[in-house]
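So you can see what is in the structure, the chains are spelled out below.
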Amino acid sequence: MRPLIIAIDGPSGAGKGTVARAIAAQLGYRHVDSGAMYRAVGWKALRDCVPLEDEAAVATLADESTIDITSAHVRIDGIDVTREIRTPEIDRAAAAVARLPRVRTVLVGRQRRLGIDGSIVMEGRDIGTVVFPHADVKVYLDASPDERARRRANDPAHSGGPKGLAEVATLLTERDELDRTRATSPLYAAEDAVVVDTTGKGVEVVVAEVMAVIKLKS
Ligand code: C5P
């Protein structure tokens, strides 16, 4: 099989991370979580007291940072922030910096460089629409709001979050709304993406569906 670029987009809790990781493992591809880049930039901006709405300052901060993403770790300037970036505070900070066009330009450039040789599964919100509009395979994962909130509430990677399902659901809906309505690169399914509804499906079933799409397109 030629080296493919596989784009997996969708809202929080749709199952992107688990599915993208499993697909990458099956194909021996690199898995890149683009959301972790926005999270790392949000984390550093908060640490350095850079106002999250100061586009020029946050873009400079992003540009001057080294961000290193492996399947197990996220590092910014060599600092391991894998755990620290999965909190409600960073959920908000990441969505805030992701609204800034100049920050997106910096991070999209890096994401494109990572995919230059193919053999990559990249997950995010705009991978099939903006980062790799010519990706070989585009999948858009979705699930009902209730199911997405349940998954997020049970995700051990996310710490310090609200305990009640209702509150998790409210925060998730708020962030989705931010991602869907922003002016630059809003979240939506690319016209040529295959939409997979993961509601009520186990990981193996979804991975098999996505692998079937990949086989068709490769
Ligand atoms: O996927 P994750 O929830 O970790 O992403 C955190 C935030 O980063 C999202 O709410 C979204 O605002 C932003 N993001 C983005 N574009 C991507 C990936 C994530 O705008 N490709």
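As a reminder, the structure under discussion sits directly above these lines.
A brief structural summary. (Residues numbered from 1 in each chain as written. Predicted model: local features only at pLDDT ≥ 70, side-chain atom pairs only at ≥ 80, totals over all residues. Heavy atoms only, no water.)

**Considerations on the sheet that holds strand β8 (residues 194-197)**
Pairing is parallel across the open sheet formed by 5 strands, whose spatial order is β2-β6-β1-β7-β8. Looking along the sheet, the strands with just one partner apiece sit at the ends: β2 (30-33) and β8. Sheet twist, expressed as the average angle between the axes of neighbouring strands with direction ignored, equals 20 degrees. Note that strand β1 (residues 5-9) and strand β7 (residues 137-142) share 4 bridges and pair parallel. Among the inter-strand pairings, aspartate 9 is bridged to a residue of β7, identified as tyrosine 140. (Pairing = 2+ DSSP bridges. Helix = DSSP H or I, 4+ residues; strand = E, 2+ residues; numbered from the N terminus. Axes fitted to C-alpha atoms, helices over the stretch in contact; angles between N-to-C directions.)

**What about the sheet that holds strand β4 (residues 74-76)?**
Taken together, the 3 strands give an open sheet; going across it, the order is β3-β4-β5, and neighbouring strands pair in antiparallel fashion. Each edge of the open sheet is held by one strand with a lone partner, namely β3 (67-69) and β5 (79-80). The pairing of β4 with β5 spans 2 bridges and is classified as antiparallel. Residue pairing for β5: isoleucine 76 is matched across the bridge by isoleucine 79. Lying on the sheet, helix α2 (residues 34-47) is in contact with β3, β4 and β5; it crosses β4 at an angle near 40 degrees. (Contact = heavy atoms within 4.5 Å.)

**Some words on the site of the ligand**
Lining the immediate surroundings of the ligand are 16 residues, of which Arg39, Arg104, Asp126, Arg175 and Asp179 lie closest. Take arginine 104: an N or O atom from its side chain is 2.7 Å from an oxygen atom of the ligand. At 2.8 Å from an oxygen atom of the ligand is found a side-chain nitrogen or oxygen belonging to arginine 125. Coverage of the ligand by the protein amounts to 97% of the 450 Å² it exposes when considered alone. Secondary-structure elements contributing two or more residues to the shell around the ligand are α2, α4 (88-97) and α8 (165-181). Looking at the shell around the ligand, the element that brings in the most residues is α2, giving 4 residues. A class-by-class count of the residues in the shell around the ligand yields 5 nonpolar, 3 polar and 8 charged. (Near = heavy atom within 4 Å. Polar contact = N/O pair within 3.5 Å; in protein donor to acceptor, adjacent residues only side chain to side chain. Areas by Shrake-Rupley, 256 points an atom, 1.4 Å probe, with all protein chains shown as cover. Nonpolar A, V, L, I, M, F, W, Y, C, P; charged D, E, K, R; others polar.)

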